[in-house]
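Reading the structure
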Amino acid sequence: MRSYAIGDMHGHLDLLQAAHARIAADMAAIGDTDAPIVHIGDLVDRGPDCRGVIDYLAKGVAAGENWVVLKGNHDRMFTDFLDDPASHDPGLKVEYSYLHPKIGGRTTLESYGVANAGDRPLAPVHSEALTAVPQSHRDFLQSRPTYFARGEVMFVHAGVRPGIAIEDQAEDDLLWIRVDFLDYRGDFPWLLVHGHTALPAATHYGNRVNIDSSAAYGGPLTAVVIEGREVSVLTDDGRALLAQTPDAPVR
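Below, the structure is looked at part by part. (Residues numbered from 1 in each chain as written. Predicted model: local features only at pLDDT ≥ 70, side-chain atom pairs only at ≥ 80, totals over all residues. Heavy atoms only, no water.)

1. Thoughts on unusual backbone geometry
Most of the time, phi is negative for any residue but glycine, and the peptide bond is trans. Positive phi outside glycine occurs at His10, with the angle close to 50°. Along the chain, His10 falls in the loop between β1 (2-6) and α1 (13-30). Although it is not a glycine, Asp180 adopts a positive phi angle of roughly 75°. When you line up the elements, Asp180 lands in the loop between α7 (171-176) and β6 (191-194). (Helix = DSSP H or I, 4+ residues; strand = E, 2+ residues; numbered from the N terminus.)

2. Some words on the sheet that holds strand β5 (residues 153-156)
Ordered by their spatial adjacency, five strands build an open sheet running β4-β5-β6-β8-β7, and the pairing between neighbours is mixed. The two strands at the open ends of the sheet, each matched to only one other strand, are β4 (147-150) and β7 (203-204). For β6 and strand β8 (residues 208-210), the ladder comprises three bridges, and the chain directions are parallel. By the bridge assignment for β8, Leu192 is matched with Arg208. (Pairing = 2+ DSSP bridges.)

3. Focus: the nonpolar core
Core analysis: the biggest nonpolar cluster contains 61 residues, and Ile6, Leu43, Leu57, Phe78, Leu109 and Val160 have the highest contact counts within it. Residue contacts for Leu43: discarding those within four places in its chain leaves Met9, His10, Gly11, Val53, Ile54, Leu57, Val69, Leu70, Asp75, Phe140 and Leu141. Counting 17 residues, the second-largest nonpolar core is a separate cluster that includes Val193, Ala202, Val224 and Ile226. (Core = buried A, V, L, I, M, F, W, Y, C linked by side-chain atoms within 4.5 Å. Buried < 20%, exposed > 50% of the residue type's maximum accessible area, 1.4 Å probe, protein only. Contact = heavy atoms within 4.5 Å.)

4. Re the packing of α1 against helix α2 (residues 50-62)
Two elements in contact, α1 and α2, have axes separated by 9 Å at closest approach and are oriented at 35°. Here Leu13, Leu16, Gln17 and His20 of α1 lie close against α2, whose contacting residues are Gly52, Val53, Tyr56 and Leu57. (Axes fitted to C-alpha atoms, helices over the stretch in contact; angles between N-to-C directions.)

5. Details of the pattern of salt bridges
Applying the stated criterion across every chain, the model contains 15 salt bridges. With a shortest N-O distance of 3.0 Å, Asp55 and Lys59 are connected by a salt bridge. In this pair, Asp55 and Lys59 are both assigned in helix α2, four residues apart and thus about one turn of the helix distant. With relative accessibility at 54%, the residue Lys59 sits in the exposed group. Between Arg120 and Glu128 there is a salt bridge, with the nearest N and O atoms lying 3.0 Å from each other. A relative accessible area of 34% places Glu128 in the partly exposed class. One network of salt bridges, with partners in common, ties together Arg2, Asp26, Asp32, Glu227 and Arg239. (Salt bridge = Lys/Arg side-chain N within 4 Å of Asp/Glu carboxyl O.)

6. Observations concerning helix α5 (residues 122-132)
Val125, His126, Ala129 and Ala132 are the residues of α5 that are buried. Projection of α5 onto a plane perpendicular to its axis shows the buried side chains occupying an angular sector of 130°, all on one side. Projecting away from the buried face of α5 at angles above 90 degrees are the exposed residues Ala123 and Thr131. (Arc of directions from axis to C-beta.)

In C-alpha coordinates form, the structure reads like this:
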(Lines give C-alpha, C1' and ligand atoms only; values in the text may rest on other atoms or scores of the structure.)
Protein backbone atom coordinates (compact mmCIF):
# COMPACT_ATOMS: atom_id res chain seq x y z
CA MET A 1 0.00 0.00 0.00
CA ARG A 2 1.74 3.12 -1.26
CA SER A 3 1.40 6.64 0.17
CA TYR A 4 3.26 9.87 -0.41
CA ALA A 5 3.92 12.58 2.16
CA ILE A 6 5.31 16.12 2.17
CA GLY A 7 6.83 17.82 5.21
CA ASP A 8 6.16 21.20 6.83
CA MET A 9 5.73 23.78 4.03
CA HIS A 10 5.69 27.09 5.91
CA GLY A 11 4.65 29.31 3.04
CA HIS A 12 7.06 27.99 0.41
CA LEU A 13 4.79 27.51 -2.59
CA ASP A 14 7.71 27.04 -4.98
CA LEU A 15 9.11 24.19 -2.90
CA LEU A 16 5.66 22.63 -2.55
CA GLN A 17 5.07 22.64 -6.30
CA ALA A 18 8.52 21.15 -6.85
CA ALA A 19 7.72 18.40 -4.33
CA HIS A 20 4.50 17.66 -6.19
CA ALA A 21 6.48 17.45 -9.42
CA ARG A 22 8.83 14.85 -7.90
CA ILE A 23 5.84 12.84 -6.72
CA ALA A 24 4.21 13.06 -10.15
CA ALA A 25 7.42 11.76 -11.73
CA ASP A 26 7.52 8.81 -9.32
CA MET A 27 3.87 8.04 -9.94
CA ALA A 28 4.47 8.06 -13.69
CA ALA A 29 7.52 5.81 -13.34
CA ILE A 30 5.65 3.12 -11.40
CA GLY A 31 2.25 3.57 -13.01
CA ASP A 32 0.37 4.51 -9.83
CA THR A 33 -1.79 7.61 -9.92
CA ASP A 34 -4.13 6.55 -7.11
CA ALA A 35 -1.90 6.81 -4.03
CA PRO A 36 -2.75 9.71 -1.70
CA ILE A 37 -0.40 12.61 -1.02
CA VAL A 38 -0.40 13.56 2.66
CA HIS A 39 0.69 17.08 3.60
CA ILE A 40 1.92 16.97 7.17
CA GLY A 41 0.71 20.44 8.21
CA ASP A 42 2.16 23.90 8.90
CA LEU A 43 1.08 25.50 5.66
CA VAL A 44 1.74 28.98 7.03
CA ASP A 45 4.21 31.24 8.88
CA ARG A 46 7.85 32.15 8.21
CA GLY A 47 7.80 31.60 4.43
CA PRO A 48 7.03 34.16 1.71
CA ASP A 49 3.79 32.89 0.14
CA CYS A 50 1.54 31.46 2.84
CA ARG A 51 -1.56 32.67 1.02
CA GLY A 52 -0.38 30.92 -2.13
CA VAL A 53 0.16 27.62 -0.31
CA ILE A 54 -3.33 27.66 1.19
CA ASP A 55 -4.91 28.64 -2.11
CA TYR A 56 -3.02 25.95 -4.04
CA LEU A 57 -3.91 23.14 -1.64
CA ALA A 58 -7.52 24.24 -1.11
CA LYS A 59 -8.13 24.40 -4.87
CA GLY A 60 -6.52 21.00 -5.38
CA VAL A 61 -8.66 19.37 -2.70
CA ALA A 62 -11.79 21.04 -4.09
CA ALA A 63 -10.92 19.79 -7.57
CA GLY A 64 -10.79 16.20 -6.33
CA GLU A 65 -7.05 15.65 -6.06
CA ASN A 66 -6.24 12.72 -3.77
CA TRP A 67 -4.57 15.03 -1.27
CA VAL A 68 -4.79 14.91 2.51
CA VAL A 69 -3.88 18.17 4.25
CA LEU A 70 -3.35 17.84 7.99
CA LYS A 71 -3.57 20.65 10.54
CA GLY A 72 -0.34 21.95 12.02
CA ASN A 73 0.16 24.08 15.11
CA HIS A 74 0.97 27.14 12.99
CA ASP A 75 -2.24 26.67 11.01
CA ARG A 76 -4.24 26.63 14.24
CA MET A 77 -2.44 29.70 15.60
CA PHE A 78 -3.27 31.61 12.42
CA THR A 79 -7.00 30.87 12.52
CA ASP A 80 -7.12 31.45 16.28
CA PHE A 81 -5.53 34.87 15.78
CA LEU A 82 -8.20 35.75 13.22
CA ASP A 83 -10.92 34.59 15.59
CA ASP A 84 -9.46 36.45 18.56
CA PRO A 85 -6.21 38.47 18.37
CA ALA A 86 -5.77 38.11 22.14
CA SER A 87 -5.85 34.31 22.01
CA HIS A 88 -2.79 32.38 23.13
CA ASP A 89 -2.30 28.82 21.96
CA PRO A 90 -1.64 26.53 24.95
CA GLY A 91 1.36 25.04 23.15
CA LEU A 92 3.05 28.40 22.68
CA LYS A 93 5.58 29.75 25.16
CA VAL A 94 3.95 32.35 27.37
CA GLU A 95 6.35 35.08 26.28
CA TYR A 96 5.46 34.66 22.60
CA SER A 97 2.45 35.83 20.63
CA TYR A 98 1.41 34.91 17.10
CA LEU A 99 3.09 38.07 15.81
CA HIS A 100 6.38 37.45 17.63
CA PRO A 101 9.26 37.36 15.12
CA LYS A 102 10.14 33.76 16.02
CA ILE A 103 6.65 32.48 15.22
CA GLY A 104 6.25 33.89 11.73
CA GLY A 105 2.71 35.23 11.79
CA ARG A 106 3.92 38.52 10.39
CA THR A 107 4.97 36.90 7.13
CA THR A 108 1.63 35.13 6.85
CA LEU A 109 -0.25 38.42 7.15
CA GLU A 110 2.24 40.06 4.77
CA SER A 111 1.30 37.50 2.12
CA TYR A 112 -2.28 38.79 2.37
CA GLY A 113 -1.19 42.40 2.05
CA VAL A 114 -1.20 43.30 5.76
CA ALA A 115 2.09 45.17 6.09
CA ASN A 116 4.25 45.71 9.18
CA ALA A 117 1.93 43.64 11.35
CA GLY A 118 4.40 43.44 14.22
CA ASP A 119 5.13 47.14 14.32
CA ARG A 120 1.63 48.60 14.57
CA PRO A 121 -1.22 48.54 17.10
CA LEU A 122 -2.94 45.17 17.21
CA ALA A 123 -6.50 46.39 16.59
CA PRO A 124 -5.97 47.83 13.09
CA VAL A 125 -3.73 44.91 12.12
CA HIS A 126 -6.45 42.46 13.10
CA SER A 127 -9.12 44.49 11.32
CA GLU A 128 -7.08 44.52 8.12
CA ALA A 129 -6.44 40.79 8.42
CA LEU A 130 -10.14 40.03 8.72
CA THR A 131 -10.73 41.94 5.50
CA ALA A 132 -7.76 40.46 3.65
CA VAL A 133 -8.02 36.76 4.50
CA PRO A 134 -10.81 35.02 2.56
CA GLN A 135 -13.32 33.15 4.67
CA SER A 136 -12.69 30.14 2.43
CA HIS A 137 -9.07 30.05 3.60
CA ARG A 138 -10.13 30.18 7.24
CA ASP A 139 -12.69 27.45 6.69
CA PHE A 140 -10.15 25.27 4.90
CA LEU A 141 -7.58 25.50 7.69
CA GLN A 142 -10.09 25.03 10.49
CA SER A 143 -11.55 21.92 8.88
CA ARG A 144 -8.25 20.08 8.44
CA PRO A 145 -7.99 16.66 10.11
CA THR A 146 -5.37 16.06 12.79
CA TYR A 147 -4.38 12.56 11.67
CA PHE A 148 -4.67 10.19 8.73
CA ALA A 149 -4.24 6.41 8.77
CA ARG A 150 -3.47 4.20 5.82
CA GLY A 151 -2.35 0.61 6.04
CA GLU A 152 0.58 0.31 8.45
CA VAL A 153 1.18 4.07 8.52
CA MET A 154 -0.21 6.88 10.69
CA PHE A 155 0.33 10.49 9.66
CA VAL A 156 0.18 13.34 12.20
CA HIS A 157 1.75 16.78 12.39
CA ALA A 158 3.83 16.70 15.59
CA GLY A 159 3.52 13.22 17.07
CA VAL A 160 1.48 11.26 19.59
CA ARG A 161 1.51 10.57 23.30
CA PRO A 162 2.68 6.94 23.60
CA GLY A 163 0.19 4.41 24.91
CA ILE A 164 -2.94 6.35 23.95
CA ALA A 165 -5.26 5.30 21.11
CA ILE A 166 -5.20 7.70 18.19
CA GLU A 167 -8.87 8.63 18.60
CA ASP A 168 -8.18 9.57 22.24
CA GLN A 169 -5.14 11.74 21.55
CA ALA A 170 -5.44 15.40 22.56
CA GLU A 171 -5.26 17.83 19.65
CA ASP A 172 -2.64 19.82 21.58
CA ASP A 173 -0.37 16.76 21.49
CA LEU A 174 -1.01 15.94 17.84
CA LEU A 175 -0.05 19.52 16.94
CA TRP A 176 2.67 20.32 19.48
CA ILE A 177 4.17 17.34 21.30
CA ARG A 178 7.91 16.94 21.71
CA VAL A 179 8.51 15.96 25.35
CA ASP A 180 7.61 12.29 26.00
CA PHE A 181 7.52 11.64 22.25
CA LEU A 182 10.82 12.43 20.55
CA ASP A 183 12.86 10.26 22.92
CA TYR A 184 10.40 7.36 22.90
CA ARG A 185 11.98 4.20 21.46
CA GLY A 186 9.10 1.76 21.89
CA ASP A 187 6.86 0.52 19.12
CA PHE A 188 3.73 2.31 18.01
CA PRO A 189 0.80 0.39 16.49
CA TRP A 190 1.88 1.86 13.14
CA LEU A 191 4.86 3.51 11.50
CA LEU A 192 4.35 7.14 12.51
CA VAL A 193 5.14 9.82 9.92
CA HIS A 194 5.30 13.37 11.25
CA GLY A 195 6.98 16.77 11.10
CA HIS A 196 6.98 19.76 13.50
CA THR A 197 10.51 19.30 14.88
CA ALA A 198 12.86 20.73 12.27
CA LEU A 199 15.91 18.62 11.37
CA PRO A 200 18.59 19.01 8.68
CA ALA A 201 17.08 16.08 6.76
CA ALA A 202 14.31 13.51 6.99
CA THR A 203 15.16 10.85 9.57
CA HIS A 204 13.84 7.30 10.07
CA TYR A 205 14.04 6.23 13.72
CA GLY A 206 12.48 2.82 13.18
CA ASN A 207 9.24 3.49 15.03
CA ARG A 208 8.69 6.90 13.40
CA VAL A 209 9.86 9.08 10.53
CA ASN A 210 10.35 12.84 10.85
CA ILE A 211 10.04 14.54 7.45
CA ASP A 212 10.40 18.17 8.58
CA SER A 213 13.69 19.05 6.88
CA SER A 214 13.68 22.75 7.89
CA ALA A 215 12.02 24.39 4.89
CA ALA A 216 11.01 27.15 7.34
CA TYR A 217 14.69 27.94 7.91
CA GLY A 218 16.11 27.69 4.40
CA GLY A 219 16.27 23.90 4.18
CA PRO A 220 14.65 21.66 1.57
CA LEU A 221 11.05 20.49 1.54
CA THR A 222 11.03 16.72 1.74
CA ALA A 223 8.69 14.46 -0.18
CA VAL A 224 8.70 10.74 0.60
CA VAL A 225 7.05 7.60 -0.68
CA ILE A 226 6.07 4.95 1.86
CA GLU A 227 5.48 1.31 0.91
CA GLY A 228 4.69 -0.85 3.91
CA ARG A 229 7.33 0.35 6.38
CA GLU A 230 9.92 1.20 3.72
CA VAL A 231 10.44 4.93 3.18
CA SER A 232 12.27 6.62 0.31
CA VAL A 233 13.00 10.29 -0.18
CA LEU A 234 12.09 11.57 -3.64
CA THR A 235 14.89 13.47 -5.35
CA ASP A 236 15.29 14.95 -8.81
CA ASP A 237 17.11 11.73 -9.70
CA GLY A 238 14.48 9.39 -8.30
CA ARG A 239 14.13 7.49 -5.02
CA ALA A 240 16.71 7.39 -2.23
CA LEU A 241 15.99 4.77 0.43
CA LEU A 242 15.81 6.31 3.90
CA ALA A 243 17.74 3.94 6.15
CA GLN A 244 16.65 3.39 9.74
CA THR A 245 18.89 5.28 12.17
CA PRO A 246 17.35 4.78 15.64
CA ASP A 247 20.20 6.60 17.40
CA ALA A 248 20.13 9.73 15.24
CA PRO A 249 19.65 13.08 17.04
CA VAL A 250 15.98 13.81 17.66
CA ARG A 251 16.15 17.64 17.60
